[in-house]
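# Examining the three-dimensional arrangement
For reference, the chains in residue letters:
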Amino acid sequence: SGMQPCDFSVLQGLLSASLECNRPAQEVTSILSSCQARCPMLLCSAARWWQKLEPVLCCEWKRLFTVPLAQGLQRLGELQRLVKSFLSSEASSLVSDEPWISAAFLHFTIQQQPTSVKAGDTLKRLGPGAEQILACLLFFSVMDFISARIAPQEGMNVSRSLGWSSQIARLLEEQGPGWLAVFHAGEKEHSLGQILHGAVSDQHQKHLPVAFYSLLFTLHPGDLIREQTFLSVAIDMYMQLLRLFMDGTAVARVDCTGSYVPGKELEDPLAVIQAARQFLVRAIPQCPPGSFSHLRQLLDLCGELDPELKATLTNCWQPAVEESLSDEELLLF
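Fair warning: this is a prediction, and the values are worked out from it, not measured in the lab.

Turning our attention to the overall build of the chain. Assigned secondary structure in the chain consists of 16 helices and zero strands. For the chain, with 333 residues in total, the buried portion stands at 48%. A sequence separation of at least 24 residues applies to 72% of the contacts in the chain between residues at least 6 apart. As displayed, the chain has an accessible area near 16500 Å², and 52% of this comes from carbon and sulfur atoms.

Shown next as structure tokens:
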């Protein structure tokens, strides 16, 4: 899943370093709070292994200090218990000031449940207002899919991870195109996208384009195509996909008909690129004019890597600009 393995030494080092502080509990809480934006990988790993880490950490805390357990560590334990309570239907909601941390605990707890547990029912119980938790949950599920492709020794199942990602994405689709943000870190410092992308390895981030198109081919993208943000994300993912292949990185296989086939490994490593390209060529003419407002920088990129796709974009983009100008001129009269 792109997270750190179960390693107590980092948190143990944090506790040991706090021995030098006058207020160790407050210092540990402060550091854990700063990790939410500056070192999210540590907190995601803690969420993944919390059921093993918590008893060890509590024992170590009692050995080192006489003061009550740091609030930061208490909150992590409370989140784990809240998630368990929610999954057992004892709690009716899952509300948190940090939805991505709640989503991390929810994801890893569901992961440890028997496959017979109907996780889809859990998603529906999240109810309205849970878009951020769902988006974060989708991100972690996508990371599992990537792990299944590039690190099969982690024991992730390709079909199960992709199916679960698709289920979450469909639920998010009903609320808008918010799931697209999962594949774009964004430029705003400490934004949710940057935090999520900072929680996983660089290798997992590089394979996001493969996951994007694998997921897309499990959905019905007709509504997505009409969203103004969709084309920019789809083109960006396609360009990253080309660079991934040009760098010599193995690309996960997608059926070149444009449909993902679970468990099927095609001989041709270009299949995923062909499927993505075929999809874009069909989709670009269907995109609304507003989709082309932020594509200027992508046109040059297409020219270097895929001149034909650039031509398709240009042909559709110019009429869109003309139509937009005509509309503006009409408003003057």
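In terms of burial, helix α11 (residues 208-216) is a largely internal element, nine of the nine residues being buried. Those residues of α11 lying buried are Leu 208, Pro 209, Val 210, Ala 211, Phe 212, Tyr 213, Ser 214, Leu 215 and Leu 216.

Now for the nonpolar core. One finds Trp 179, Phe 183, Phe 212, Tyr 213 and Ile 235 to be the most contacted residues of the largest nonpolar core, which totals 106 residues. Here this core takes 13 residues from helix α7 (residues 131-150), the largest share from any one element. Residues in contact with Tyr 213, not counting those within four places in the same chain, are Ala 234, Ile 235, Met 237, Tyr 238, Leu 241, Ala 276, Phe 279 and Leu 280.

For the rest of this paragraph, the subject is the pattern of salt bridges. The tally for this structure, following the rule as stated, stands at four salt bridges. The shortest N-O distance in the salt bridge between Asp 306 and Arg 277 comes to 2.8 Å. Note that Asp 306 is positioned in the loop between α15 (296-305) and α16 (307-331) and Arg 277 in helix α14 (residues 271-283), a separation of 29 residues in sequence. Residue Arg 277 is classed as partly exposed on the basis of its relative accessible area of 25%. Here the salt bridges share partners, and the residues they tie into one network are Arg 277, Asp 306 and Glu 308.

Attention shifts here to the packing of helix α2 (residues 24-38) against helix α3 (residues 40-64). Where α2 contacts α3, the two axes come as close as 11 Å, and the packing angle between them is 160 degrees. Judged by the inter-axis angle, α2 sits roughly antiparallel to α3. As α2 runs across α3, the sense of the crossing is left-handed. Each of Pro 24, Ala 25, Val 28, Leu 32, Cys 35, Gln 36, Ala 37 and Arg 38 in α2 lies in contact with α3, whose residues at this interface are Pro 40, Leu 42, Leu 43 and Trp 61. In the contact of α2 with α3, the residues fall into 10 nonpolar, one polar and one charged.

In this model, the chain carries an average pLDDT of 80, and 81% of its residues clear a pLDDT of 70 or more. Every residue in residues 252-267 scores below 50 in pLDDT, and together they form 39 contacts with partners more than four places removed in sequence or on other chains. Overall, residues 324-333 carries pLDDT values under 50, and its contacts beyond four positions in sequence, including any with other chains, amount to zero contacts.

What counts, and at which threshold
- Residues numbered from 1 in each chain as written.
- Predicted model: local features only at pLDDT ≥ 70, side-chain atom pairs only at ≥ 80, totals over all residues.
- Heavy atoms only, no water.
- Helix = DSSP H or I, 4+ residues; strand = E, 2+ residues; numbered from the N terminus.
- Buried < 20%, exposed > 50% of the residue type's maximum accessible area, 1.4 Å probe, protein only.
- Contact = heavy atoms within 4.5 Å.
- Areas by Shrake-Rupley, 256 points an atom, 1.4 Å probe, with all protein chains shown as cover.
- Core = buried A, V, L, I, M, F, W, Y, C linked by side-chain atoms within 4.5 Å.
- Salt bridge = Lys/Arg side-chain N within 4 Å of Asp/Glu carboxyl O.
- Axes fitted to C-alpha atoms, helices over the stretch in contact; angles between N-to-C directions.
- Parallel < 35°, antiparallel > 145°, perpendicular 65-115°, else oblique.
- Left-handed = near helix turned anticlockwise from the far one by under 90°.
- Nonpolar A, V, L, I, M, F, W, Y, C, P; charged D, E, K, R; others polar.
- pLDDT = per-residue confidence, 0-100.

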